[in-house]
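Structure assessment
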Amino acid sequence: MNPASKHGAAAAAPAPARSASHDRSKAVVVDRAFQRRTLRTVVVALLIDILAFTIILPLFPRLIAHYESVDGSNPSSTYYAAAQGVKAFRELIGGTGSRLDIILFGGFLGSMFSFLQFVSSPLIGRLSDRYGRRTVLLISMLGNGLSMLLWIFSGSFSVFVLSRVVGGLTEGNVQMSIAIISDITSAAERSRNLAWVGISFALGFTVGPPLGAYCTKFDLQEMLPSLPVNRYSSPALFAFILIVIETIYLFRYLPETSRCVLSDEVSSTAPPLKAQTSEGSRPPLRSRTAPEQSARRLAVLSLVHFVFLFAFSGMEFTLTFLTYDRFDFSHGQQGRLLAYMGVLSALIQGAYVRRVAHKHVSEQTIVLQGIVACAAGLTVIGALATSTRMLYVGATLLAFTSGTVVNCLTSLASLEHSSATLSEPEPANAAQDKSSKGHSPSGNLGHALGKFRSMGQLGRCLGPLAACSGYWIIGSTNVYLAASSVMAVLALAVVMAVPGPARAARKTKAD
């Protein structure tokens, strides 16, 4: 959810739709200094944003329990109506035991947020193509700030739900960060630089949940009894402060990138030998494939993204509920587990993905490794984690998955879009375009990545519901084993259907 200045890059033709990506007259050439500054700004802002976003994660079980104690006996309250709906759904699927209602309730809340992201992501991407990444990101930040304010003053459950609705519709930081990094990097460096998004995410998950747990020590309800705050308003206040800092930082330092063109210094970076085509000069996914072929591959990647996050996010969402139910974890224990997974995921992305992806191992291979690790991790947690030691073994495998799959799938999607852009016929005024001495990978990149992210968010929407329902019907062990089976099938699908760089290059050569 971050902004930029007013530079740009695009096709020089006087396009009828005056989108930012087609205003060549305002293009700015990306050199190494510009690239480093922009990348640093994006990473710092994204880290702050993820800190604010993850503060709520370890609080969900007890936050819901808080609203139950406040509104649970009031038939006119939003919480009471929602709880009755959850109870009816639980009875419909054959669930028993009121203590676990909180798990299903949490699943609905998580699914609602992701569904709103599914709806808004393509629109946010399209608007960023038209009006610029910076403008859309700053507006998104205002929405996030409003969401946090509502959470601070959510004395009732209805206001808390409203805060989640506003946050779900306006969250755009991760999506815009990916688009901005894609705007300013060549295909040879795309995976390496996009890994910073995952590293920021992992570090945010490392620090954010413990911060959220720590902030609960300060009860604003006792300190400010005259205000409509709740027992967990102090974490919300801290998250709001982070959002304000992030917004000011982005307004001050982030440039516009949707109209950027890459200088020869940046765009001509030769990929390592193992990732080159037979011509030895282009990254394979940027070879001149037909736009229709690239569109089909993007559709396959989006489907894999959906299925993966459907299974993974459901298990990820229920993990804190499982530890609460099976081990009776406290806030601190929940925070330490998530912090461990975050640190390990960041190390994997920094030491493995950034150094290996697109060099010695293709993105497709790393995706496959992550999915296999996920299948193993879910099996360990579901069937073998009768002690915290085995729980951490399974969490280690899931951390590897978290550090590899989504990041490399996103990189593949971005590279496929670049491939389609390069495959388009040159415009009549190509000679004029070439005078700008650069290549713009943008085009409608924001919209393309928005649709790709939207499919992932649909998976995140349905996954927690399915996982929590399965938790009720067949128990935690069986639902984790079922998700492990889905991952095993998906791994086979990746081998058969997802085109890695080398396969794409061979296919192009054969054609």
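Residues numbered from 1 in each chain as written. Predicted model: local features only at pLDDT ≥ 70, side-chain atom pairs only at ≥ 80, totals over all residues. Heavy atoms only, no water.

Examining the overall build of the protein
- Within the protein, the regular secondary structure consists of 18 helices and 2 strands.
- Taking contacts inside the protein between residues at least 6 apart in sequence as the whole, the part at least 24 apart equals 84%.
- Summed over all atoms, the accessible surface of the protein reaches about 20,200 Å², with 64% contributed by carbon and sulfur. (Helix = DSSP H or I, 4+ residues; strand = E, 2+ residues; numbered from the N terminus. Contact = heavy atoms within 4.5 Å. Areas by Shrake-Rupley, 256 points an atom, 1.4 Å probe, with all protein chains shown as cover.)

Here we look at the nonpolar core
- Counting residues in each nonpolar core, the largest one holds 56 residues, and the members touching the most others are W151, F157 and F160.
- Per-element accounting of this core gives the leading share, 9 residues, to helix 1 (residues 32–54).
- Contact partners of W151, with chain neighbours within four places excluded, come to I55, I56, L59, L63, F160, S163, N230, Y232, S233, P235 and A236.
- Counting residues in each nonpolar core, the second largest holds 44 residues, with V304, F308, L309 and V405 among its members. (Core = buried A, V, L, I, M, F, W, Y, C linked by side-chain atoms within 4.5 Å. Buried < 20%, exposed > 50% of the residue type's maximum accessible area, 1.4 Å probe, protein only.)

Structural notes on the pattern of salt bridges
- On inspection of all chains with the given rule, the structure shows 5 salt bridges.
- Between R32 and E189 there is a salt bridge, with its nearest N and O atoms 3.0 Å apart. Here R32 is found in helix 1, whereas its partner E189 is found in helix 8 (residues 187–215), with 157 residues between them in sequence.
- On the accessibility criterion, R32 (18% relative accessible area) is buried. (Salt bridge = Lys/Arg side-chain N within 4 Å of Asp/Glu carboxyl O.)

Here we look at helix 8
- With 29 residues, helix 8 extends 42 Å between its outermost C-alpha atoms, agreeing within 8% with the 42 Å of an ideal straight helix rising 1.5 Å per residue.
- Of all bends in helix 8, the biggest is about 25°, found at F205, and the proline P209 comes one to four residues later.
- Of all 29 residues in helix 8, 21 are buried; the element is thus mostly enclosed. (Expected span 1.5 Å × (residues − 1). Bend = angle between axes of the 7 residues up to and from the residue.)

So, the packing of aromatic side chains
- Under the criterion given, the structure shown has 13 aromatic pairs.
- With a centroid separation of 6.3 Å and an interplanar angle of 35°, the aromatic rings of F157 and F160 are classed as tilted. Of this pair, F157 and F160 both sit in helix 6 (residues 157–170), 3 residues apart, which is roughly one turn of that helix.
- Each residue in the set Y67, Y79, F157 and F160 is aromatic and connected to the rest through ring pairs, giving one cluster.
- Taking NZ or CZ as reference, R134 lies 4.9 Å from the ring centre of F251, over its face.
- Across from the ring centre of Y253, 4.9 Å away, lies the NZ or CZ of R252, which sits over that ring. (Phe/Tyr/Trp six-rings, centres within 6.5 Å; stacked < 30°, edge-to-face > 60°. Lys NZ or Arg CZ within 6 Å of the ring centre and 35° of its normal.)

A word on empty space enclosed by the protein
- One pass over the structure, following the stated rule, counts 2 cavities of 30 Å³ or more.
- In this structure, the largest cavity encloses a volume near 1,200 Å³.
- Lining the largest cavity are 50 residues, and of these F53, F201, F205, E316 and R460 lie nearest its centre.
- If you list the elements that add at least two residues to the lining of the largest cavity, you get helix 1, helix 4 (101–131), helix 7 (173–183), helix 8, helix 12 (291–326), helix 13 (331–356), helix 15 (388–423) and helix 17 (445–497).
- If you tally residues by element for the lining of the largest cavity, the top one is helix 12, at 10 residues.
- Within the lining of the largest cavity, the residues separate by chemical class into 27 nonpolar, 17 polar and 6 charged.
- Roughly 170 Å³ of volume is contained in the second largest cavity.
- Secondary-structure elements contributing two or more residues to the lining of the second largest cavity are helix 1, helix 5 (133–152) and helix 6. (1 Å grid on protein atoms, 1.4 Å probe; cavity = no way out; pocket = protein on both sides within 12 Å on 5 of 7 lines; lining within 4 Å. Points joined across faces, edges and corners; volume = space filled by probe spheres on them. Nonpolar A, V, L, I, M, F, W, Y, C, P; charged D, E, K, R; others polar.)

Focus: the packing of helix 2 (residues 60–71) against helix 6
- Running from amino to carboxyl end, helix 2 crosses helix 6 at an angle of 145°, the nearest separation of the two axes being 10 Å. For the pair helix 2 and helix 6, contact is made by F60, L63, Y67 and D71 and by F157, F160 and R164, respectively.
- Taken together, the residues that form the contact of helix 2 with helix 6 break down as 5 nonpolar, no polar and 2 charged. (Axes fitted to C-alpha atoms, helices over the stretch in contact; angles between N-to-C directions.)

Notes on the side chain of T323
- Assignment of secondary structure puts T323 in helix 12.
- Under the relative-accessibility criterion, T323 is labelled buried at 0%.

Considerations on the side chain of N407
- Following the sequence through the fold, N407 ends up in helix 15.
- Judged by its relative accessible area of 9%, N407 falls in the buried class.
- Setting aside residues up to four positions removed in sequence, N407 forms contacts with S191, L194, A195, G198, Q349 and V353.

Some points on helix 17
- For helix 17, built from 53 residues, the straight-helix expectation of 78 Å at 1.5 Å per residue is missed by more than 12%, its first-to-last C-alpha distance being only 23 Å.
- The principal kink in helix 17, of about 120°, is found at I474.

Focus: the confidence of the model for the protein
- Mean pLDDT over the protein stands at 79; residues scoring 70 or higher make up 79%.
- Note on residues 1–25: pLDDT under 50 across the span, and 103 contacts to partners over four residues away in sequence or across chains.
- This model gives residues 425–441 a pLDDT under 50, and the stretch forms 33 contacts once residues within four places in sequence are excluded. (pLDDT = per-residue confidence, 0-100.)

Describing the environment of G72
- Structurally, G72 can be placed in the loop between helix 2 and helix 3 (78–92).
- We classify G72 as partly exposed; its relative accessible area is 24%.
- Counting along the chain gives 10 residues from G72 to A82, while the straight-line C-alpha distance between them is 9.7 Å.

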